[in-house]
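# Geometric and topological summary
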Amino acid sequence: MTSAPSHPDLPALLSKVADGGLTAQELERLEAILLEDSSARAAYHQQMRVHAMLYWRWNPKRKESATLEPQVPAPSFPALSPLPSPLSSSFVGGPVFSYLVATVVLCLMLLGGWAYKISPDYDLNVVDNSRSSTTSGPMDRVYVGRITGMKDCRWANEETQTVVGASVPLAREYALISGLLQITYKTGARVILEGPCTYKVDSTVGGYLKTGKLTARVETKGSGFRVQGSGHSPLFAVCTPTAIITDLGTEFGVEVSENGDTTSYVFEGKIVVKAGIRGFGDSGIREVQLGAGESVMVGRVRETHQDSGTASQDMVRFTQTATPPKFVRRLYEPPKQLDLLDIVAGGNGTGNRRERGIDPSTGKQDTWFLEVNYNSDSQYHSVKWHSFIDGVFIPYVPTFRFQKVQIDSSGNAYDGFTDDRDIDGVRTTCTVSGKTIGGIWARAVDKYSAKGDTDTSGWIYVMGKGEQYMPSGRGLLGMHASTGITFDLEAMRKTFVGVRPASFQATIGLGDGPRTYPELSGMADIWIFIDGQLKWKRLNFCHKDGAAQIDIPLKPNDRFLTIATTNGLNGTYYVDWIVFGDPVLRMEPTTVEKP
Amino acid sequence: MDRLDPLEAFVDRVTSAQQGLFAYILSLVAHVDDAKDVLQETNLILWRKREEYRMDAPFWPWAKTIAHYQILAFIKRRGRDRLRFGDLLLARLAEDAAAFDGQSVDVEQTALDQCIEELAPPKRELIELRYSDDIGLAEISRKTGRSPGAIADALYRIRGQLADCIRNKLTGREEDR
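Here's what I pulled together on the structure shown here. (Residues numbered from 1 in each chain as written. Chains lettered and ligands numbered in written order. Predicted model: local features only at pLDDT ≥ 70, side-chain atom pairs only at ≥ 80, totals over all residues.)

### Brief notes about the packing of helix H1 (residues 10–19) of chain A against helix H2 (residues 24–36) of chain A
Residues and elements named next belong to chain A.
- Where H1 contacts H2, the two axes come as close as 10 Å, and the packing angle between them is 115°. When the axes of H1 and H2 are compared, the pair comes out roughly perpendicular. Considering the relative orientation of H1 and H2, their crossing is left-handed. When H1 is examined against H2, the residues Leu10, Leu13 and Lys16 are found in contact with a partner set consisting of Glu26, Arg29, Leu30 and Ile33.
- For the contact of H1 with H2, the residue count by class is four nonpolar, no polar and three charged. (Axes fitted to C-alpha atoms, helices over the stretch in contact; angles between N-to-C directions. Helix = DSSP H or I, 4+ residues; strand = E, 2+ residues; numbered from the N terminus. Parallel < 35°, antiparallel > 145°, perpendicular 65-115°, else oblique. Left-handed = near helix turned anticlockwise from the far one by under 90°. Contact = placed C-beta atoms within 7 Å. Nonpolar A, V, L, I, M, F, W, Y, C, P; charged D, E, K, R; others polar.)

Put into structure tokens, the structure is as follows:
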């Protein structure tokens with residue numbers, strides 16, 4: 001390998017040339033090195049030559065996928081590939097043929113250029129069972145699926161390591177010391193290996209579990225489970241040293257102990273367990289069919305007389321298991337943050353739902369942004385349709401009957417929304433309106449793509465793009481004064497085991513844009529409570545205050561997070577277009593606690 | 001009977017030179033997308049100038065010269081709209097590449113196929129992610145949980161290993177003769 005030891009940063013720079021990410025400064029540095037050092041240029045040429053060959057090795061296949069059948073062997077350059085020859089020999093070589101060749105070549109050259117630019121991604125995933133022997137790689141390697149998940153994997157040796165997204169070729173072996181590895185076959189079968197475990201992919205529809213545990217879930221893509229005799233797809237099967245477990249639809253677990261004993265358990269559907277010593281033919285084979293909740297162990301039986309050491313004496317027997325092993329059925333990756341826009345729009349915080357909201361006067365879901373007035377009825381409204389949202393409310397002027405505003409379902413209440421404030425040395429009472437406009441709304445980043453060209457007349461759209469409030473490009477939580485929403489942090493902790501909300505982060509702002517009464521200016525207060533205790537507030541917030549970052553820490557046992565807006569000191573709730581940009585709950589492992 | 005029509009022979013030579021031309025162009029423009037654009041333009045010029053080419057002359061030097069001019073025209077046309085090498089370095093790299101033999105790329109490609117097969121599975125899968133799946137560093141980093149810098153370093157080393165392997169195979173092949 002060519003090296004240039006005098007420039008320790010050269011490898012990183014050359015890699016960035018090939019793989020992207022070179023900054024202007026780095027380019028300048030690389031140019032200086034390459035200009036002065038011929039050995040560095042040799043290293044550059046070497047990297048780029050291999051880079052070009054690697055790109056070329058796979059690229060023609062991607063390119064041709066737009067125009068050729070995938071089964072057709074790949075010529076090196078489709079625009080100039082040899083012409084098909086149904087033509088008669090007298091025609092070939094004639095002037096008409098030459099003209100045709102010239103025309104076709106030129107057209108294909110141009111079309112080849114188009115194919116470069118517009119060809120869709122080549123999807124290696126789409127090779128069905130019936131073509132399981134079809135090659136997917138340039139060297140006739142058969143790929144049966146992909147690695148679709150990993151968790152805390154420790155490998156028995158370097159040779160068996162892999163990464164998420166990697167293709168899984170036939171004959172590939174995975175040896176885990178610990179952790180979980182998920183393989184998804186092209187047939188739709190999904191296998192979770194649980195370390196310690198050694199598994200070899202020995203067919204397009206199964207594998208050999210030498211030792212350890214796995215869970216297999218067999219689904220057809222799109223429509224339920226595959227059943228025996230469904231025709232085009234062979235049944236998924238796991239082989240072990242003592243048994244063959246064939247899936248008849250749905251989900252099962254297999255554990256192979258160090259001595260080869262195999263325990264099978266069915267979660268859903270049925271399997272057939274065929275017992276037999278691997279490598280000794282079918283003699284003595286027996287089989288049982290198991291249904292959901294059933295388990296069986298296939299174990300070796302060794303005779304105790306003198307010949308017991310010979311292979312022919314190996315036998316197996318079925319044993320009912322008193323307590324089946326525990327299997328991991330899902331590869332769970334706890335979220336690093338929860339998107340509050342997704343939650344407000346009906347999701348669980350890990351998705352990207354938008355353009356839904358909540359009516360703060362009822363707690364019901366809004367599917368359209370209605371720019372109407374909502375008046376407080378002095379009640380806290382539980383949100384029944386979403387476990388992560390405790391409820392909503394509209395802050396109101398305290399009355400004799402309702403002296404405090406209830407802000408969560410546990411009864412916590414607050415009476416400070418209406419208060420006296422100094423303005424130019426004069427004590428002035430700021431009274432909340434008890435009204436809001438348009439509900440609590442999760443707006444998409446691009447209002448036009450979100451709603452098309454219609455129905456964007458509400459304030460949440462009229463306020464403009466609001467880019468300054470969403471640096472992460474997630475979207476806006478619209479909370480026109482005066483309104484409030486309370487999230488249930490405990491429900492989130494229960495759902496996402498192993499992590500907890502550790503802080504609430506957002507960028508707040510007050511939108512401003514073309515409106516009916518330009519002389520009006522918005523001014524609003526923003527309040528954040530945890531379990532009824534005021535943790536943060538910003539009073540008399542205006543558009544000119546720009547965007548403000550908030551990061552409210554949350555403790556492990558905090559139950560409710562309440563966000564509220566009220567009209568500011570100007571006494572009117574008009575144009576109080578408060579938005580929380582990119583609102584998220586940052587999640588932290590529950591085992592890591594801050595002092 | 002078996003001799004190709006001149007036009008067919010020309011097409012055959014252009015076809016055979018594609019990979020070498022791509023590698024040559026990429027070594028000077030550095031960006032894959034740019035290299036593909038220049039290769040297209042080079043192909044068009046080769047086609048337009050087909051009458052000027054004498055079939056008994058070596059094809060590769062002629063094609064490489066045309067590709068070189070297309071590279072210069074491309075860089076002049078596109079300016080510094082993205083990070084590119086300056087003129088002086090480009091000239092140096094072109095001097096180095098004067099001996100670039102595009103005709104040997106086919107042989108090297110065969111060796112490369114074998115060398116990829118000999119890579120340890122994790123390395124082979126990383127290369128496949130990068131090139132077969134055409135996934136960028138950031139995405140690979142996200143999938144693997146390793147930093148982009150670590151991935152870039154690994155890819156650099158693997159490419160170096162493949163270069164060594166190709167050289168060894170080709171040297172061994174020559175020694176076998």
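Structure shown, so let's carry the discussion forward.
### Here's the deal with the pairing of strand E7 (residues 243–256) of chain A
All names here are of chain A.
- Within E7, 14 of the 14 residues are buried, which leaves the element mostly enclosed by the surrounding structure.
- The sheet contact formed by strand E5 (residues 206–218) and E7 spans seven bridges and is antiparallel. When the sheet's bridge partners are listed, Ala216 is paired in E7 with Phe252.
- Alignment of strand E6 (residues 237–239) against E7, held across three bridges, turns out to be antiparallel. Counted as the bridge partner of Cys239 is Ile244 from E7.
- Where E6 hands over to E7, the hairpin turn is made up of three residues, counted between the paired strands.
- In terms of strand pairing, E7 meets strand E8 (residues 262–275) through twelve bridges, oriented antiparallel. Within E8, the residue paired with Val254 across the bridge is Ser264. (Buried ≥ 20, exposed ≤ 12 C-beta atoms within 10 Å, placed from the backbone. Pairing = 2+ DSSP bridges.)

### With respect to helix H5 (residues 105–118) of chain B
All names here are of chain B.
- Given a rise of 1.5 Å per residue, 14 residues ought to cover 20 Å, and the 19 Å separating the end C-alpha atoms of H5 matches this to within 8%.
- When we look at burial in H5, the residues that qualify are Val105, Glu108, Gln109, Leu112, Cys115 and Ile116. Down the axis of H5, the smallest arc covering the buried residues is 120°, so these residues share one side. Turned more than 90 degrees away from the buried face of H5, the exposed residues are Gln114, Glu117 and Glu118. (Expected span 1.5 Å × (residues − 1). Arc of directions from axis to C-beta.)

### Observations regarding the nonpolar core
- Counting residues in hydrophobic clusters, the biggest one holds 109 residues, and the most contacted among them are Leu193(A), Leu214(A), Ile245(A), Phe22(B) and Ile25(B).
- In terms of residue count, helix H1 (residues 6–29) of chain B provides more of this core than any other element does, twelve residues in total.
- Contact partners of Leu214(A), with chain neighbours within four places excluded, come to Val191(A), Ile192(A), Leu193(A), Glu194(A), Cys197(A), Tyr199(A), Leu209(A), Val238(A), Gly253(A) and Val254(A).
- The next biggest cluster of nonpolar side chains, apart from the first, holds 67 residues, and it includes Leu477(A), Ala506(A), Leu510(A) and Ala524(A). (Core = buried A, V, L, I, M, F, W, Y, C linked by C-beta atoms within 7 Å.)

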